[in-house]
Every structure is written in structure tokens, then in C-alpha cells.
Amino acid sequence: MTIPNIISFARLATIPFIVLAIMRENWMTGLVLFALAGLSDGIDGFIARYFGQDSELGAYLDPLADKTLSVAVYSAFTLIGLTPVWLLVLIVARDVAIVVGAGALALRGKASDIRVLPVSKVNTAVLILLAAWLLAANAFEWSIPSVNRGLIGLVLVLTAVSAADYTRLIFRSFGAGAARHQEQSDGSK
């Protein structure tokens, strides 16, 4: 058990409280807890990299905490009518597709083909920005619908591009494996 793993577990533990704050429209509490969760994500990554505390558990736990937080927050936003249902469906469908594709690659011994794509990092940053904006806008009673629509549109585009890039990566990895298998079959004849 490393310090980054403890921090990731703590981030997972804050999720129900963030969701509860959103559901009760206790925006300031939700904003503060969400900010702390985001800060903890940066801190655990820093400690893992710079103090050599990365671990196999952490490689799974950190992204699990991030995805769980994102899905939980957007689920709460959707339940109270703050974001559209289609946005939640898009976010969840992309994450499920990536996990299924990565799992399929891992089962075929191609876990090394799985990597975080740059567009996915940007997509995650914009998802966090939108969530933080919605929490802050409600906490401070800001009403700028054009910002809401602009960020939701940006999330839509980036999520679609990210999903397409991961789909291409996964199918390319499967295709490369099929080509190598065919070459090996042809060479053994």
C-alpha cells in the first residue's frame, strides 16, 4: 500500500459526499469536495512519479477513481436536471467502450498497446472544467448559459473524437495481431 494508493482510496471515499452535496444542491460543499478530489489526483500522481511510489494497484486504482468520480458527478447533475441525459450516456458509453476494448487487448496479451491518448487527456480536463464550472456557477449564483452550452459542446466534440481515436487504436491493435498470426501461419506451411 503506497501513499498514492491511500490518496486514491480517499478520493473514492469522497465521491458519495460529493454526489450527496449535488443532490441536495449544497453547491459550495460540492465544489470544495470536488476541488479536493481534483487536487488529490494531482498529488497522488506527483508522489507516484517523483518518489517512485507507482504500483500495479495504483495503475488501476487511479483511473478507476477518476472515472468513478466523473460518472458519479455527471449522474448527479443529470438526475437534478443540470445536464442533459445524452451527455451522461455519451460519457459512460465512451468509458465503457474503452474499458471493454482495453480488457480485450489485455486478454490477448496486448496490454502494452493500451495507452492514454492526448485527446483523452484534454477531454478529461474539459470534463473536469465543466463539472467545476457547474458547481461554482451554482455556488456563486452565476448565470452564464453560453458558457454552459459552450463547455457542453466542447465535451461533446472531444468525447466523440476521443472515442473515435480509441476505437481506431483498439482495432489497429487487433488488426496487427491478426496480421502477425496470419504471417506465422503462412510461415509454418
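Attention here is on the structure that accompanies the text. (Residues numbered from 1 in each chain as written. Predicted model: local features only at pLDDT ≥ 70, side-chain atom pairs only at ≥ 80, totals over all residues. Heavy atoms only, no water.)

### Topic: unusual backbone geometry
Backbone geometry at Glu 25 places phi at a positive 55°, although glycine is not the residue there. Structurally, the position occupied by Glu 25 is in the loop between helix 1 (3-23) and helix 2 (27-50). Assessed through its relative accessible area of 48%, Glu 25 is described here as partly exposed. Residue Glu 141 is not a glycine yet carries a positive backbone phi of 55°. Tracing the sequence through the fold places Glu 141 in the loop between helix 5 (118-139) and helix 6 (145-187). (Helix = DSSP H or I, 4+ residues; strand = E, 2+ residues; numbered from the N terminus. Buried < 20%, exposed > 50% of the residue type's maximum accessible area, 1.4 Å probe, protein only.)

### Topic: the pattern of salt bridges
Counted according to the given criterion, the structure contains seven salt bridges. Between Arg 11 and Asp 44 there is a salt bridge, with the nearest N and O atoms lying 3.1 Å from each other. One end of the pair, Arg 11, is in helix 1; the other, Asp 44, is in helix 2, with 33 residues separating them in the sequence. A residue is classified by how much of its surface remains accessible, and Asp 44, at 3% relative accessible area, is buried. Linking Asp 95 and Arg 94 is a salt bridge whose minimum nitrogen-to-oxygen distance equals 2.8 Å. The residues Asp 95 and Arg 94 share a single accessibility class, namely buried. Salt bridges here are not isolated pairs; linked through shared partners, they connect Arg 11, Asp 41, Asp 44, Asp 62 and Asp 66. (Salt bridge = Lys/Arg side-chain N within 4 Å of Asp/Glu carboxyl O.)

Everything listed here is a matter of coordinates, which is why it stays silent on function.
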